[in-house]
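One letter stands for each residue in the lines below.
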Amino acid sequence: MLTPSWTTEFKSSYKTLAELEAFLGFSVSASPEVTATYPVFIPRRLAQKIKTQGPDSVLARQFLPHQNELENQQAGFSDPIGDQRFLKAPQLIHRYPTRALFAPTTVCPVHCRYCFRKNELYAKEEMFRPEFEQTMDYLKSHPEISEIIFTGGDPFTLSDEKILFYLDSFKTIPSIKDVRFHTRYPVSLPERIDEGLLKILITAQKSFRTVSVAIHVNHIDEFDQDAAHAIERLSTTGVQLLSQTVLLRGVNDQREALVNLFQEFIRLKVRPYYLHHPDQVKGGLHFYLSLEQGRTLYHSLRQELPGWAIPQYIIDLPGGEGKVPAHNSESHQFSGHLITLHGDTISLEEPVSPS
Ligand code: SF4
């Protein structure tokens, strides 16, 4: 049973290396310079899981600061997916004709050390922007936009009142038919999935054609009973539940890890949706793996999972050109060579001539 309010839990998160190390009982491999550049923010419940699972766990690797973040600072991109190029109105990124990203907050329930926005988000505050009228004007003058994707930061950081304000505003624009929220709260701070939020999601379905929640989880070890309960509660609202996962070196770059994760999503009635190839983010390159490694892994999922349980493997092109499929066709290369699998490796063969 989840009793404390989510705001109480949020405020009690660990925000300094010293208090975090004192709680964990082991040293974190990061100097104060690392956390001065990329601050710490870890909810107590997550810190407890890291303490239990240990300093080499996949949770520790994703959320504890590490000295590697300051190495190779000349490489990588501050804005690896080119969001700023497509910032068309306050907090509105319009890259694809029919969808727009709306980022009303820079605050998250945890600081993921691999985050593609880590050079923009950390240490900033939530913004309830007065220029919202400009955003509305842009949306009204672009009726081709049919879906608003709430992003951030994490949009569930907003109070219920602010989420309602935005939904009430967007529903006055007839061309906006679908809304989607991308969030890490269900596993990072599941207390957020409370009665107030569930009610908002139920009510929103009367005003929009679809309401979706894309849940960001990278490894099965992130789930626990409270997270599963939060996701099951989301499921009862009738919203479409989608998954979102980032492929990360040292975290989930094993076939078994991905298979276990997608099977758990299915068990929780979350449709596997996106597997992101990692972005080349400044301060996060130690999580990067090559496209060839990612493709080999992705192809191998076919042996373990039915097609409907496999998410789309995509890559955001550096520079802002958007998401493109990261995988090759299952059986052909553009050269016409056949791709065959030998265990975990892929080899190319000449196509067989028709007889
Ligand atoms: S929750 Fe998302 S936006 Fe926030 S730090 Fe993690 S990856 Fe970045």
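Residues numbered from 1 in each chain as written. Predicted model: local features only at pLDDT ≥ 70, side-chain atom pairs only at ≥ 80, totals over all residues. Heavy atoms only, no water.

Trainee: Any chance you could break down the overall build of the protein chain for me, citing the residues and the numbers?
Mentor: Regarding its fold elements, the protein chain presents 13 helices and 12 strands. Taken across its 355 residues, the protein chain has 54% of its residues classed as buried. By sequence separation, contacts in the protein chain at least 24 residues apart represent 76% of the contacts at least 6 residues apart. Total accessible area computed for the protein chain in this model is approximately 15,700 Å², and 54% of it derives from carbon and sulfur atoms. (Helix = DSSP H or I, 4+ residues; strand = E, 2+ residues; numbered from the N terminus. Buried < 20%, exposed > 50% of the residue type's maximum accessible area, 1.4 Å probe, protein only. Contact = heavy atoms within 4.5 Å. Areas by Shrake-Rupley, 256 points an atom, 1.4 Å probe, with all protein chains shown as cover.)

Trainee: Please provide a residue-by-residue account of the confidence of the model for the protein chain, values included.
Mentor: A low pLDDT score tells you not to read the predicted coordinates there in detail. Averaged over all residues, the pLDDT of the protein chain is 89; the fraction at 70 or higher stands at 88%. Low pLDDT (under 50) marks residues 351-355, which in the prediction has four contacts with non-local residues, meaning those over four places away or in another chain. (pLDDT = per-residue confidence, 0-100.)

Trainee: So what's going on with the nonpolar core? Residues and values would help.
Mentor: Grouped together as the largest cluster of nonpolar side chains are 66 residues, with contacts concentrated most on Ile148, Phe150, Leu167, Phe170 and Phe223. Excluding residues within four positions of it along the chain, Leu167 makes contact with Phe150, Val179, Phe181, Ile200, Ala204 and Phe208. (Core = buried A, V, L, I, M, F, W, Y, C linked by side-chain atoms within 4.5 Å.)

Trainee: With reference to specific residues and values, describe the site of the ligand.
Mentor: Surveying the vicinity of the ligand reveals the residues Cys108, Val110, Cys112, Cys115, Leu121, Arg184 and His216. A breakdown of the residues in the shell around the ligand according to their chemical character gives five nonpolar, one polar and one charged. (Near = heavy atom within 4 Å. Nonpolar A, V, L, I, M, F, W, Y, C, P; charged D, E, K, R; others polar.)

Trainee: Provide a residue-level description of the sheet that holds strand 1 (residues 87-89), including the pertinent values.
Mentor: Spatially, 10 strands are ordered 1-2-3-4-5-6-7-8-9-10 in an open sheet, and the strand pairing comes out mixed. Taken across any chain shown, the strands that pair with only one partner, and hence form the sheet edges, are strand 1 and strand 10 (322-325). Averaged over all pairs of adjacent strands, the angle between their axes in this sheet comes to 30°, without regard to strand direction. Relative to strand 3 (residues 99-102), strand 2 (residues 92-96) runs antiparallel, the two sharing three bridges. Within the sheet, the bridge partner assigned to Tyr96 lies in strand 3 and is Arg99. (Pairing = 2+ DSSP bridges. Axes fitted to C-alpha atoms, helices over the stretch in contact; angles between N-to-C directions.)

Trainee: If you had to explain the pattern of salt bridges to someone new, which residues and values would you point to?
Mentor: The full count for this structure, using the stated rule, is 16 salt bridges. As a salt-bridge pair, Arg209 and Asp178 come within 2.7 Å of each other at their nearest N and O atoms. In this pair, Arg209 sits in the loop between helix 10 (195-204) and strand 6 (210-216) while Asp178 sits in strand 5 (residues 178-183), placing the two residues 31 residues apart along the sequence. If you follow the salt bridges from partner to partner, you end up with Arg45, Lys49, Glu191, Asp224 and Asp226 in one network. (Salt bridge = Lys/Arg side-chain N within 4 Å of Asp/Glu carboxyl O.)

Trainee: Pulling in residues and values, what's your account of helix 7 (residues 132-140)?
Mentor: The set of residues buried in helix 7 consists of Phe132, Thr135, Met136, Tyr138 and Leu139. On an axial view of helix 7, the arc spanned by its buried residues comes to 160°, and they lie on one face. Tucked inside the fold, the buried residues of helix 7 contact strand 1, strand 2, strand 3, strand 4 (147-150) and helix 8 (160-170). (Arc of directions from axis to C-beta.)

Trainee: Just give me the short version of the side chain of His286, but keep the residues and values in it.
Mentor: Within the secondary structure, His286 sits in the loop between strand 8 (271-276) and helix 13 (291-301). With a relative accessible area of 17%, His286 lands in the buried category. Ignoring sequence-local partners within four residues, the contact set of His286 consists of Asn68, Glu69 and Arg249.

Trainee: Before we move on, can you summarise the environment of Gln62 with the specific residues and values?
Mentor: Counting through the fold element by element, Gln62 comes out in helix 5 (residues 58-63). Overall, Gln62 belongs to the buried group, its relative accessible area being 0%. Along the chain, Gln62 and His219 lie 157 residues apart, while their C-alpha atoms are 9.9 Å from each other. Residues in contact with Gln62, not counting those within four places in the same chain, are His111, Cys112, Arg113, Tyr114, Arg184, Asn218, His219, Glu222, Leu248 and Val251. In this structure the side chain of Gln62 is engaged in a polar contact, spanning 2.8 Å, whose partner is the side chain of Asn218. (Polar contact = N/O pair within 3.5 Å; in protein donor to acceptor, adjacent residues only side chain to side chain.)

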